[in-house]
Amino acid sequence: MESAGHQPVLIIVLLLISAFIAPLLYRRWRFLSGAVVLAALTGSFITALLLLSKSGASSSLSYHLGNWPPPWGIELIIDPLRVYMLLVVTGVSLWIFIYALGDLKHELHNDVIGWYYSLYAVLVASMSAITLTNDLFNLFVLMEICAITACAIITIKDQRECLEAGFKYLIMSAMGTGCFLLGVAMIYMVTGYLNYSFIQSELSLALTDYPLNIFTAAALFIVAFGTKAALFPLHVWLPDAHAAAPSPSSAMLSGLVIKIYAFALFMIFYRVFPRSLLDTIPLNEIILWLGAMGVMFGSIYAMLQTDLKKMLAYSSISQIAFIFMGIGLDQPLALTGGLYHIMVHAFTKSTLFMSAGAIIYSTGVRRISDLGGIGKVLPLPLFAFTIGSASMIGLPGTGGLISKWYLALGTLETGRILFLLVILASSLLNAIYYMPIVINAFMSGEEFKEKVKIVPLSMQVTLAAGMILVVISGIFSRQVIIFFEQALTSLY
Amino acid sequence: MEIISRLTENYFYLVAVILFVIGMHTMLTHSNMIKKVIAMNIMDSSVFLLFVAIGYRHGAQAPIIREGVDIVYANPLPGALIVTGIVVAVSVTAYALSIIVKIQRSYETVDCDEICELRSED
C-alpha cells in the first residue's frame, strides 16, 4: 500500500474547523457563516474526488493518524467501496446544505441557525470518518459523535414533538452504542487488536478456541447497527424522529445517517469477520430475513399514515431494508444492488423530503388528504415529488429500477424466489401509497385554497438538481456498476 | 461443573454482564426519563468495567517499564481507551439531561407515559 498524502484526514479537519468558526461568524456576519460551511463541504467533496482518482477501482491506500503505524495507531483506509461511500456522503450533504440555506430561516429561530451549521458540519465530518476508519474503537467514538449531532439537528427546533422524538432517538442509539462497545470488548478479549485487518487475520484462528465470544460479539453488532440503521424490529424511534425534524435534517437523516450504519455493518461483515465465521453461523441469513420483513412492514405502515413526512419516514424503513437484503443475500450481484441503493435512496429520499419541506414552507400543509390540486400552484416541488415516487416504485429511467434490478438478479442467482416476490410486492405497495398523492396533486378537479408563499431560489435549484440526479442515476449506471464489480471481487 | 469454576474465576466479567442487563432493562422499560439516563450510565459503566477487566493480569503491576527490571504488567491499552469512553458517556449524559430539562418545561412532566397521553389529546 502506498501513502495517501494528507488528503483523507483533510476532509475531516476542514469540516471540523468550519464547524468551529461558523457559530462565531454568525454573531456578526450572518452571510459568511453559511458560506464557510458551504466552502468546507465543497472542499471535502473535491478532496473525495481526488481520492477517487488516486485510488482507482482496485487499489487501496492507507493513512496513519499521527504517524503511529497500526495496530497501535488509528488507520484510515481508502479503498474503492469506502471512496464511493465518501463521495455519496460529502456530495449529498453539500446538496442538502444548499437547500438548508433557504429553508432554515423558516424552520428555526434566527439565533440558532449558526449552531445548526456547526452541528451539520460535525455530523458530516463524523460520517466521512466512519466510512474511512479501520479501527473499531475509533468507530465507536465516531458513532457517538454522529448520534449526538444527529439528535441535535432534530432537537434544535424548539418544539415539544422534536424534543421528545430526539430523546427517544438518543436513548435508542445509546443502547446501540452500548451493545457495540460490549461487542468490541468481546473481540478485543480474544484477539488483542482493534484494527480491522489485524482482527480479521486473528479471528480465523480464534474461531476454533473461543467461538462463544465471537458469536456473542456478532449478535451484539447486529443489534447495535440494527438499532442505529432502523432495521425492522428495532425501527421504533425512526418515524417520530424523521417526521418531527426540520426538513433539511429529515433529508439528511433519512438520506445519509441511517445508511452510514448499514455501510458500517457491511464493513464489519466483510472486513472484520473472516469468511470462515460467515460460513459457520448464518449471520447473513438473519440480516436477510429481518431485511425482508422490514421491506414489507415498512411499506404497510407507510400506507396507513396521514402525515406526509411520517409516510416518507416509514418508507425509509422499507428502503433501508433493501440495503440489508443486499448484504443478507451475500452474493456479488445483490451486494451491487444494495450498495447502489445507498446512493439511489440518498438522492431519492432527500428529494422527497425536500419537496415535502417546500410544500410545508409555502403552504403549511402536512396532511396527505389536503394536498388535492396542489400541483397547479407548486409545479416544481410536486414534479420533483413525482420523479422521487417513480424512483421509489422502480419505474424505468430512475435509479430505483437499477438497484432493485440487481437485487432481483441476486435473488435469482442464489435461487431464493421468495425474496424476489418480496421485492416485487414492495414495489407494488410503494405504488399504492405514492401514486395517489401525485395523481391527487395534479389531476384532482378541486382548487387549492391555502395561501401560497414563493419557494426561495436555493430550494428550487436543489429540487431541480435532485430530479436530475435521480434520473442520471437511472440512466448512466453502467460506470458505477462496473466499478462495483471490480471492487467486490476483493471480497470473494 | 466446569462452567461454574470458569464463572468464579472470571467473576468480574459476570458482574459486568449483570450490570449491563440491569441497565438495559431499566432503560427500555422504565417510563421516567431521568431513570432512563441513569440506566444508560449503568449500562455504559458496565461495559467500561468489562473492558478494563480485560487488561487485568493476576499479580501484575502498573505498566511502568524501567531498564533492566523485568516485571509482569497489566495491559494499559483498555484503560486508555476507556478514558475516551467515559468522556463520550459524560457528553451523551449531559445532552440527554439538557433535553429532559426542555421537555419538562414544555410538558411539565418527565414521564414518557404521561407525555404519550398528553400527545394523544392533541
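As a reminder, the structure under discussion sits directly above these lines.
This one's a predicted model, so the numbers in the text were calculated from it and none came from an experiment. (Residues numbered from 1 in each chain as written. Chains lettered and ligands numbered in written order. Predicted model: local features only at pLDDT ≥ 70, side-chain atom pairs only at ≥ 80, totals over all residues. Heavy atoms only, no water.)

A. Structural view of the overall build of chain B. Assigned secondary structure in chain B consists of 5 helices and 0 strands. In sequence order, the secondary structure elements of chain B are arranged as α-α-α-α-α. Relative to the globule expectation of 14 Å for 122 residues, the C-alpha radius of gyration of chain B, 21 Å, shows a markedly less compact shape. If you line up chain B on its principal axes, its C-alpha atoms span 75 × 40 × 10 Å. Looking at chain B as a whole, 34% of its 122 residues are labelled buried. A sequence separation of at least 24 residues applies to 51% of the contacts in chain B between residues at least 6 apart. In the structure as shown, chain B presents an accessible area of about 7,600 Å², 63% of it carried by carbon and sulfur atoms. Charge separation in chain B, taken as the distance between the mean sites of 8 positive and 12 negative side-chain charges, equals 6 Å. (Helix = DSSP H or I, 4+ residues; strand = E, 2+ residues; numbered from the N terminus. Rg over C-alpha atoms; globule rule 2.2 N^0.38 Å. Buried < 20%, exposed > 50% of the residue type's maximum accessible area, 1.4 Å probe, protein only. Contact = heavy atoms within 4.5 Å. Areas by Shrake-Rupley, 256 points an atom, 1.4 Å probe, with all protein chains shown as cover. Lys, Arg positive; Asp, Glu negative; His and termini not counted. Charge placed at Lys NZ, Arg CZ, Asp CG, Glu CD.)

B. Layout of the environment of Ala390 of chain A. Residues and elements named next belong to chain A. With respect to the element layout, Ala390 can be found in helix 16 (residues 379-393). In sequence terms Ala390 and Val470 are 80 residues apart; their C-alpha atoms lie 9.5 Å from each other. If near-sequence neighbours (up to four positions away) are discounted, Ala390 is found in contact with Leu395 and Thr398.

C. Inspection of the nonpolar core at higher detail. Residue and element names in this part refer to chain A. Membership of the largest hydrophobic core comes to 210 residues, with the highest contact counts inside it found for Leu136, Phe180, Phe225, Phe266, Phe269 and Phe273. Broken down by element, this core gets its largest block of residues, 20 residues, from helix 6 (residues 160-191). When residues no more than four places from it in sequence are discounted, the contact partners of Phe225 are Leu139, Met143, Phe180, Tyr261, Ala264, Leu265 and Ile268. Membership of the second largest hydrophobic core comes to 12 residues, among which are Ala292, Ala334, Phe419 and Val422. (Core = buried A, V, L, I, M, F, W, Y, C linked by side-chain atoms within 4.5 Å.)

D. Region of interest: the interface of chain A and chain B. Listed by partner, the interface residues are 29 residues for chain A and 36 residues for chain B. Both sides together, the interface formed by chain A and chain B hides about 3,200 Å², and carbon and sulfur atoms give 79% of it. Across the chain A-chain B interface, the total number found is 2 salt bridges. Inspection of the region where chain A meets chain B yields 8 residue pairs in polar contact (both at pLDDT 80 or more). Where the side of chain A that touches chain B is concerned, the elements lending two or more residues are helix 5 (136-155) and helix 6 of chain A. Sort the elements by how many residues they give to the side of chain A that touches chain B and helix 6 of chain A lands first, with 18 residues. Looking at the side of chain A that touches chain B, its residues break down into 21 nonpolar, 2 polar and 6 charged. (Buried area = accessible area lost by both parts, 1.4 Å probe. Salt bridge = Lys/Arg side-chain N within 4 Å of Asp/Glu carboxyl O. Polar contact = N/O pair within 3.5 Å; in protein donor to acceptor, adjacent residues only side chain to side chain. Nonpolar A, V, L, I, M, F, W, Y, C, P; charged D, E, K, R; others polar.)

E. The side chain of Lys259 of chain A, seen in detail. Mapped onto the elements of the fold, Lys259 of chain A is located in helix 10 (residues 247-272). Asp103 of chain A provides the closest opposite charge to the buried, unpaired Lys259 of chain A, separated from it by 18 Å.

F. Spatial organisation of helix 4 (residues 76-107) of chain B. Taking 1.5 Å per residue, 32 residues should reach 46 Å; helix 4 of chain B reaches 47 Å between its end C-alpha atoms and fits that length. Downstream of helix 4 of chain B by one or two residues, Glu108 of chain B has phi in the positive range, about 60°. (Expected span 1.5 Å × (residues − 1).)

G. Up close: the side chain of Asp240 of chain A. Tracing the backbone shows Asp240 of chain A in helix 9 (residues 238-244). Those residues in contact with Asp240 of chain A that sit more than four places away from it in its chain are Ala165, Lys168 and Lys310 of chain A together with Arg119 of chain B.

H. View of the packing of aromatic side chains. Residue and element names in this part refer to chain A. Counting across every chain of the model gives 28 aromatic pairs over all chains. Aromatic side chains Phe97 and Tyr120 sit 5.2 Å apart centroid to centroid with 50° between the ring planes, which places their arrangement in the tilted category. Placement of Phe97 in helix 3 (residues 80-107) and of Tyr120 in helix 4 (residues 113-132) is noted, with a sequence separation of 23 residues between them. Judged by relative accessible area, Phe97 falls into the buried class, the value being 0%. Ring plane angle 10° and centroid distance 4.8 Å describe the contact between Phe232 and Phe297, whose orientation is recorded as stacked. Of this pair, Phe232 sits in the loop between helix 8 (211-228) and helix 9 while Phe297 is found in helix 12 (residues 283-303), placing the two residues 65 residues apart along the sequence. Relative accessible area serves as the criterion here: at 14%, Phe232 is assigned to the buried category. Note on Phe297: relative accessible area 34%, which makes it partly exposed. Grouping aromatic residues by their ring pairs yields a cluster made of Tyr26, Phe97, Tyr116, Tyr117 and Tyr120. In this structure, Lys453 is placed above the aromatic ring of Tyr361, and the distance from its NZ or CZ to the ring centre is 4.6 Å. (Phe/Tyr/Trp six-rings, centres within 6.5 Å; stacked < 30°, edge-to-face > 60°. Lys NZ or Arg CZ within 6 Å of the ring centre and 35° of its normal.)

I. Focus on a nonpolar patch on the surface. Residue and element names in this part refer to chain B. Residues Met1, Ile3, Ile4, Leu7, Leu14, Ile18, Ile22, Ile34, Ile38, Ile42 and Leu97 make up a contiguous nonpolar surface patch of roughly 1,000 Å² in combined accessible area. Going through the elements one at a time, helix 1 (2-9), helix 2 (11-29) and helix 3 (33-54) are the ones with two or more residues in the nonpolar patch. As for its placement among the helices and strands, Ile22 is situated in helix 2. A relative accessible area of 43% means that Ile22 is categorised as partly exposed. (Patch = residues over 30% accessible without salt bridge, like charges linked within 9 Å, V, L, I, M, F, W, Y side chains within 5 Å.)

J. Spatial organisation of the environment of Ser477 of chain A. All names here are of chain A. By the secondary structure assignment, Ser477 is in the loop between helix 19 (457-475) and helix 20 (478-488). Ser477 sits in the buried class, given a relative accessible area of 9%. Other than its neighbours up to four places away in sequence, Ser477 contacts Tyr340 and Ile402.

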